[in-house]
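Summary of structural features
In case you want the letters, here they are:
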Protein chains: 2
Amino acid sequence: MSTIRDVSKLAGVSVATISRFLNQSGYVSKEAEETILAAIQKLNYKPNNIARSLAGKKTSTIALLVPDILNPFFPEIARAAEDAASRLGYTLILCNTDHNPDKERNYIDVLINKRIDGIIISSYTIRPEQIYALEAENIPVVVIDNAWHDTSIVSISTDNRAGGQMAAQHLLECGCRKIGHICGPYHIAAAKDRMLGYEDACSQQEWFTPSLMVYGDFSVSGGYHAMRELYDKHPDVDGVFAGNDLMAAGAMKALHELGVRIPDQMKVIGYDGIQMDMFSPALSTIAQPIYSIGELAMTYLDQMIKEKPLEKKSYPIDVQLIVNASSRLP
Amino acid sequence: MSTIRDVSKLAGVSVATISRFLNQSGYVSKEAEETILAAIQKLNYKPNNIARSLAGKKTSTIALLVPDILNPFFPEIARAAEDAASRLGYTLILCNTDHNPDKERNYIDVLINKRIDGIIISSYTIRPEQIYALEAENIPVVVIDNAWHDTSIVSISTDNRAGGQMAAQHLLECGCRKIGHICGPYHIAAAKDRMLGYEDACSQQEWFTPSLMVYGDFSVSGGYHAMRELYDKHPDVDGVFAGNDLMAAGAMKALHELGVRIPDQMKVIGYDGIQMDMFSPALSTIAQPIYSIGELAMTYLDQMIKEKPLEKKSYPIDVQLIVNASSRLP
DNA sequence: TATCAATGTGTAACCGTTTACACACATAGT
DNA sequence: ACTATGTGTGTAAACGGTTACACATTGATA
């Protein structure tokens, strides 16, 4: 493995000139360029990015911290972030935290030691102090899917309450006369906000009762069991809003087993807009622009890394009602 | 950001002693340990891994090259590889190549420049020469889901032909009297082998005709259209083996639309064993131990990095028939 | 002709670690 | 008393780049 000094020797110019040539910085004559190029090719020289990073203080590496890449929401984020990262000349480190604060802390330490240029975090469990620890080391952070208002932390997030309201409102407009809600984990702000949105839309209806809100854990099986529980308590529900698409899928599975036809007897709507093109009937949902979120996160992060000022700290993103067969009017 | 020299100064010992302490190498007295620890804490010192890598020739970073993390097969691989990597003290870089040779080449160059310790590759398009390029730079490679026999390349793979045969055989045993096959892209060895397995099982049947094999592109919509085409040509098929689970899902969607009941009128089996717990009826499949594949890849890679000899070059993994509702006997 | 800017190049310090080597001292074995 | 071995520490040279600074040459301008 040859070094810049080997190239320097072979080409008969100083290492500084080679470096200038490689980085297109400063002046290099035509002749020098040619001899350098020839030497590089002859030696199959590849600049060592480790050394570059040490001297230049930039690793061209960013990290993406997610709870679990197996949750279909995150591959889409990862894909978007990676596409943007690659376009901007960064490489993407993937970290799964499983909502585990120890793992989070541990990863953050490792990433600080690696002197990554920036980090995108999606986490329900992380505490602002940990973000400040990163900022103390001059590592820019963008948080997605979880906003702390009134902090200096840059975040990209959607209005879950408005989205929840939109979902419930849609079912009302479809003519549903009793709408249940499968709620995500209470300690997750997004889940709670979506539930509040549901309440905004439904709590004044004469049929409303709190037992229409059942608990799921954002997973398919959570949605499945929640749906059975809901149907047990209220066999007359004719619409259900699940706090995310995975639970909606679980609910539809339960309904299928119960012989309840969708959308004739029951309309279903989810939340997130993850890719579920294999589904039949296709699921209505409140779609977040997942790809855009990942892409924007990377874009803002890049600006922070380049020390360009950002306009705002908090970037709200709009959600969109997608009507599909699962809630289509007869 | 303090350095080892700052710690050295504050603790009143040489940098060598600090380094020995940090790496638990060589002798360090109890007293030295204590003063060092105190100094580290006081300065909030974090060892710079870039410098470490430069001096030590190890980056503790490995890369995972996949076609597309959005394909549900790969998050499972990524999760497994990342779990194992993290356990072994590595960090995982994620790269999407989209089956695009240019992107592959580009990533490989970048990764060489970053002096990653090793790389796991899943690609249908990559050429052995590119792997040799990595090996020339002393970067160990493990290839998954694609074996080149008679080469020095370490690979983990399954016997797709046997798996395809198993799938078709299963449908025969279920009493199917005319079985179609939705085949993946011809240029992908795995797809072709699965098709050959199907032929092994079915080509001697009196009902067999080549037009029972239709083409899909390993995607949901590919499977959907292939199923419609197949049903068009042969409305009397009562069993279909799709070359992967995504196409099986697309096929089931098409069948649902066509009003064909599964499994009564048509039995369906897929291939891969990706997570599809939201599906109803649940899909039968030839399951690859996806998690194990990712985990083993990382394990073997670690051994290669540590220069421990590997027993073999080619690690064959067994697949398993999973019978679910989509092919259950009446 | 003197002055200046633009072009082109080289020397050497620096980035923050690891580690080979030298050295000092204690303890134990002969 | 002499060696060998184990323990503990420090100096300084790597690792492979970047870049500040000094210096030389050229051509244009006053």
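Quick look at the structure, then. Remember, it's a predicted structure, so these values are computed and weren't measured experimentally. (Residues numbered from 1 in each chain as written. Chains lettered and ligands numbered in written order. Predicted model: local features only at pLDDT ≥ 70, side-chain atom pairs only at ≥ 80, totals over all residues. Heavy atoms only, no water.)

**As for the environment of Ser157 of chain A**
Residue and element names in this part refer to chain A. Convention followed: Secondary structure elements are taken from DSSP: a helix is a run of H or I of four residues or more, a strand is a run of E of two residues or more, and numbering for both begins at the N terminus. Burial classification: accessible surface area is computed with a 1.4 Å probe over protein chains only, and a residue below 20% of its type maximum counts as buried, one above 50% as exposed, and the rest as partly exposed. It only takes one pair of heavy atoms within 4.5 Å for two residues to be counted as in contact.
In this structure, Ser157 sits in strand β5 (residues 154-158). The buried category is assigned to Ser157, whose relative accessible area is 11%. Distance from Ser157 to Ala147, taken between C-alpha atoms, is 6.1 Å for residues 10 residues apart in sequence. In contact with Ser157, not counting residues within four places along its chain, are Asn146, Ala147, Tyr315, Pro316 and Ile317.

**Section: the interface of chain B and chain A**
Definition in use: When two parts are put together, the accessible area they lose, computed with a 1.4 Å probe and summed over both, is reported as buried area. Salt bridges are identified by distance alone: a Lys or Arg side-chain nitrogen within 4 Å of an Asp or Glu carboxyl oxygen.
Counting from both sides, the interface comprises 50 residues of chain B and, opposite them, 49 residues of chain A. Each partner contributes to the roughly 4,600 Å² buried at the junction of chain B and chain A, and carbon and sulfur atoms together form 56% of this total. A per-residue breakdown of the area chain B buries against chain A is headed by Ile50, Arg79 and Met278 of chain B, which together make up 16% of the total. On inspection of chain B and its partner chain A, the count reaches 6 salt bridges.

**Some details on the protein's contact with DNA strand C**
Going by this rule: If a single non-hydrogen atom of a residue is within 4 Å of a molecule or strand, that residue counts as near it. Polar contacts, as used here, are pairs of N or O atoms within 3.5 Å; protein pairs need one atom able to donate a hydrogen and one able to accept it. Residues neighboring in sequence count only if both atoms are side-chain atoms.
Near DNA strand C you find 27 residues, and of these Ser14 and Tyr27 of chain A together with Ile4, Arg5 and Ser19 of chain B are the closest. Taking all atoms of DNA strand C within 4 Å of the protein, the share assigned to sugar and phosphate is 62%. Between Ile4 of chain B and DNA strand C, the recorded distance is 2.7 Å, taken from a backbone N or O atom to a phosphate oxygen. Note that a phosphate oxygen of DNA strand C is positioned 3.0 Å from one of the side-chain N or O atoms of Asn23 of chain B. Where the surface near DNA strand C is concerned, the elements lending two or more residues are α2 (15-23) and α4 (49-56) of chain A together with α1 (4-11), α2 (15-23) and α4 (49-56) of chain B.

**Overview of empty space enclosed by the protein**
Which entries qualify depends on this criterion: As defined here, a cavity is a set of points on a 1 Å grid over the protein atoms alone where a 1.4 Å probe fits but cannot get out. A pocket is an open set with protein on both sides within 12 Å along at least five of seven lines, and residues line them when an atom is within 4 Å of a point. Grid points are joined across faces, edges and corners, and a volume is the space filled by probe spheres set on the points. Residues are grouped as follows: Ala, Val, Leu, Ile, Met, Phe, Trp, Tyr, Cys and Pro are nonpolar; Asp, Glu, Lys and Arg are charged; all remaining types, including Gly, are polar.
According to the stated counting rule, one finds 1 cavity of 30 Å³ or more in the structure shown. Its volume calculated, the largest cavity comes out at about 240 Å³. Taken together, 16 residues make up the lining of the largest cavity; nearest its centre are Ile50, Thr61 and Lys114 of chain A together with Ile50 and Thr61 of chain B. Looking at the lining of the largest cavity, the elements with two or more residues in it are α4 of chain A together with α4 of chain B. Broken down by class, the residue content of the lining of the largest cavity amounts to 6 nonpolar, 8 polar and 2 charged.

**A word on the relation of the copies chain B and chain A**
The test is simple: When the copies are overlaid, the least-squares fit takes in C-alpha atoms only where the residue has pLDDT of at least 70 in both copies.
Once chain B has been moved 0.1 Å along the axis and rotated by 180°, it coincides with chain A to within an RMSD of 0.1 Å. Seen this way, the second copy is the image of the first under a two-fold rotation axis. Of the C-alpha atoms belonging to chain B, the one lying closest to the rotation axis is found on Ile93 of chain B, 2.2 Å away. Here 98% of the contact residues of chain B are again contact residues in chain A; the copies associate through an equivalent surface.

**Quick notes on unusual backbone geometry**
Cis peptide bonds are those with omega within 30 degrees of zero, and the linkage from Ile262 of chain A to Pro263 of chain A qualifies with 5°. By secondary structure assignment, the location of Pro263 of chain A is in the loop between α11 (245-258) and β9 (267-272). Unusually for a residue other than glycine, Lys57 of chain A sits at a positive phi of about 70°. If you trace the backbone, Lys57 of chain A turns up in the loop between α4 and β1 (61-66). A positive phi angle, near 130°, is found at Asp272 of chain B, a position not held by glycine. Asp272 of chain B sits in the buried class, given a relative accessible area of 9%.

**Focus on helix α3 (residues 30-43) of chain A**
Residues and elements named next belong to chain A. Short version of the rule: Multiplying 1.5 Å by the helix residue count minus one yields the expected span of that helix. Along the arc lie the directions from the helix axis toward the C-beta atoms.
Here α3 contains 14 residues, and its C-alpha end-to-end distance of 20 Å stays within 8% of the 20 Å for a straight helix at 1.5 Å per residue. Three or more residues of α3 are buried, namely Ala32, Ile36, Ala39 and Ile40. Along the axis of α3, the buried positions cluster into a sector of 100°, meaning they face one direction only. Residues Lys30, Glu31, Glu34, Gln41 and Lys42 are exposed on α3 and point more than 90 degrees away from its buried face. Taken together, the buried residues of α3 touch α1 (4-11) and α2. Positive backbone phi, at 55°, marks Asn44, one or two positions downstream of α3.

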